[in-house]
Amino acid sequence: MVKVITYGTYDLLHYGHIRLLERAKALGDYLIVGVTADDFDKTRGKINVQQSLMERIEAVQNTGIADEIIVEEYEGQKIDDIRKNNIDIFTVGSDWKGKFDYLNEYCQVIYLDRTEGVSSTEIRAENREIELGLIGDSAFLNKVFEESKYVNGLKVSALQTKKSSIMNKELRKCSRNRVIDDSDAIYIRSKPTLHYNQIKNALMTGKHVLCESPISLNMKQTEELFSLAREKKLVLMEAIKTAYATAFSRLILLIKGGKIGDIVSIDATCTSLNKTDWHGICEWAPTALLPIFELLGTNFEKKIITHLDENGVDLFTKIDFVFDNAVASIKVGDGVKSEGELIISGTKGYLYIPAPWWKTDYFEIRYENSNDNQRYFYQLDGEGIRYELVAFSRAIESGKVISNIKYETSIAISKIMEDYFTKKDIKYI
Ligand code: CTP
């Protein structure tokens with residue numbers, strides 16, 4: 001019996017896939033199809049696969065061509081699969097020509113002609129073309145513009161800014177006065193005091209909104225904006241890029257799964273000496289608060305804000321929280337420099353992310369016996385912005401909330417901002 005194996009993502013299964021599977025099957029008697037897992041696709045740079053792994057497996061199964069379906073999860077798995085299954089022929093489309101010649105050592109490698117004129121990428125782009133307008137006065141918009149190019153079906157169409165630091169020539173060409181009229185969705189990175197009106201205005205005119213955290217500086221206003229979005233069936237998402245870094249979402253899952261036992265303390269530090277036009281607390285606190293609220297919830301018993309400023313300029317803020325069974329603290333600011341690490345301490349061990357933890361591709365879980373320590377590495381592309389844009393466009397398309405940040409977390413972040421600006425529970429040093 002001649003055994004054949006082939007691999008692919010098979011997103012939005014199309015005629016090109018079916019032709020390939022048919023020809024692969026015809027090469028032998030038994031066909032194994034490897035469908036790539038979402039995580040593995042991410043590391044290969046395919047970030048906006050639209051269907052889940054289960055949906056893609058089902059689609060391949062429904063063709064009735066495959067005798068067996070497996071999941072491809074890691075680099076180097078092909079060799080393992082070929083050996084384990086006594087494969088005679090490995091085959092893929094000619095777009096991969098030469099890339100798998102190294103497998104000749106284990107079996108015959110055949111590249112089949114790719115079907116012209118059809119690809120998942122094209123179908124994804126046809127399905128939706130979300131025109132994204134950027135609003136704000138931050139050089140960060142340049143990054144968002146560059147990252148948007150990796151997201152099929154999302155196109156920056158308009159820009160509203162006063163800032164000369166938007167140096168990107170392509171982006172400057174998008175400049176318009178009435179950005180909202182020219183877009184389906186809006187991304188906002190402006191002074192936090194402007195967020196409420198900008199978000200409300202966008203939602204009232206039927207646009208989806210992705211806004212840098214904090215959504216507003218007042219809890220009630222943030223609640224109002226989310227309920228307005230719900231009422232109008234629009235997506236309102238808070239942007240904190242760290243929430244979309246693979247390492248960060250994995251560590252949340254590992255900790256919730258009990259890897260370090262019960263959480264007793266979380267300490268997050270984010271500082272820089274790059275002063276921005278707005279308060280350091282707005283710049284950094286949402287990121288630092290993220291692991292605390294996502295892991296311990298938002299029902300803390302007590303908090304104290306300790307603050308240092310110089311002639312009204314926000315330099316440094318420390319916030320200490322007391323929860324039922326745990327404590328937490330953040331140190332943030334644009335006028336003090338510290339080690340930007342995250343430490344989550346538990347009853348069995350602790351999780352450590354070195355500086356700068358908010359854009360990490362790596363963390364460690366450490367135990368009393370250092371032989372038990374484990375290190376975790378993940379791919380981080382575009383500081384998480386790319387994945388955040390993918391989540392935003394998927395949410396628009398599916399009409400479902402697909403945020404890595406809980407609603408309660410967004411509300412609690414706005415409440416902290418409100419307390420800071422109304423000077424509640426605050427001490428000055
Ligand atoms: N394939 C093909 N003809 C096409 C598209 C894909 O023969 N028009 C083959 C690929 O060469 C591969 C398999 O189908 O062997 C699975 O391809 P996959 O990467 O899932 O599909 P693409 O449409 O190429 O996806 P994308 O646009 O995301 O790269």
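A few points on the structure. (Residues numbered from 1 in each chain as written. Predicted model: local features only at pLDDT ≥ 70, side-chain atom pairs only at ≥ 80, totals over all residues. Heavy atoms only, no water.)

Some remarks on the pairing of strand β13 (residues 313–322)
Examined bridge by bridge, strand β12 (residues 302–310) and β13 share 9 bridges and lie antiparallel to one another. In the sheet register, K303 faces β13, and the bridge partner there is F321. From the end of β12 to the start of β13, which pair antiparallel, there are 2 residues, and N311 there has a positive phi angle of about 50°. Of the strand pairs in this sheet, β13 and strand β14 (residues 327–333) are connected by 6 bridges, and their pairing is antiparallel. Paired with V322 across the two strands is V327, which belongs to β14. (Pairing = 2+ DSSP bridges. Helix = DSSP H or I, 4+ residues; strand = E, 2+ residues; numbered from the N terminus.)

Regarding the sheet that holds strand β11 (residues 263–271)
Read across the open sheet, the 9 strands follow the order β18-β17-β16-β15-β11-β14-β13-β12-β19; overall the sheet is mixed. Because the sheet does not close on itself, it has two edges, and the strands there are β18 (374–377) and β19 (426–428). Taken pair by pair, the neighbouring strands of this sheet meet at an average axis angle of 15°, ignoring direction. Direction of pairing for strand β17 (residues 362–367) relative to β18: antiparallel, over a ladder of 4 bridges. Residue pairing across strands places E364 opposite R375, the latter belonging to β18. Sheet contacts for helix α13 (residues 407–421): β12, β13 and β19; angle to β12, the most-contacted strand, approximately 55°. (Axes fitted to C-alpha atoms, helices over the stretch in contact; angles between N-to-C directions. Contact = heavy atoms within 4.5 Å.)

Considering the sheet that holds strand β9 (residues 208–212)
Here we have 5 strands laid out as an open sheet, ordered β7-β6-β8-β9-β10, and parallel in their pairing. Single-partner strands in this sheet number two, and they are β7 (154–160) and β10 (236–239). Strand-to-strand, the axes of this sheet are offset by a mean angle of 20°, without reference to chain direction. Sheet topology note: the β9/β10 ladder contains 4 bridges and is parallel. Looking at β10, one finds that C211 is bridged to E238. Relative to β9, helix α8 (residues 192–204) is tilted by about 165°, and along the sheet it contacts β6 (130–136), β8 (185–189), β9 and β10.

Description of the pattern of salt bridges
Scanning the entire structure with this criterion turns up 19 salt bridges. Here E147 and R386 are joined by a salt bridge, their closest N and O atoms 2.6 Å apart. With E147 in helix α6 (residues 140–148) and R386 in helix α12 (residues 385–398), the pair connects residues that are 239 residues apart, well separated along the chain. Judged by relative accessible area, which is 10%, R386 ranks as buried. In this structure, the salt-bridge partner of E223 is K220, at a minimum N-O distance of 3.9 Å. Here E223 and its partner K220 are both found in helix α9 (residues 219–231), 3 residues apart, which amounts to about one turn of the helix. Connected through shared salt-bridge partners, K143, K241, K359 and E383 make up one network. (Salt bridge = Lys/Arg side-chain N within 4 Å of Asp/Glu carboxyl O. Buried < 20%, exposed > 50% of the residue type's maximum accessible area, 1.4 Å probe, protein only.)

Examining the site of the ligand
Among the 18 residues in the neighbourhood of the ligand, the closest are listed as D95, T115, V118, S120 and T121. A distance of 2.9 Å separates an oxygen atom of the ligand from a polar atom in the backbone of T9. Between T115 and the ligand, the recorded distance is 2.8 Å, taken from a backbone N or O atom to a nitrogen atom. In isolation the ligand has 570 Å² of accessible area, and contact with the protein removes 93% of it. (Near = heavy atom within 4 Å. Polar contact = N/O pair within 3.5 Å; in protein donor to acceptor, adjacent residues only side chain to side chain. Areas by Shrake-Rupley, 256 points an atom, 1.4 Å probe, with all protein chains shown as cover.)

These figures come from the coordinates and say nothing about function on their own.
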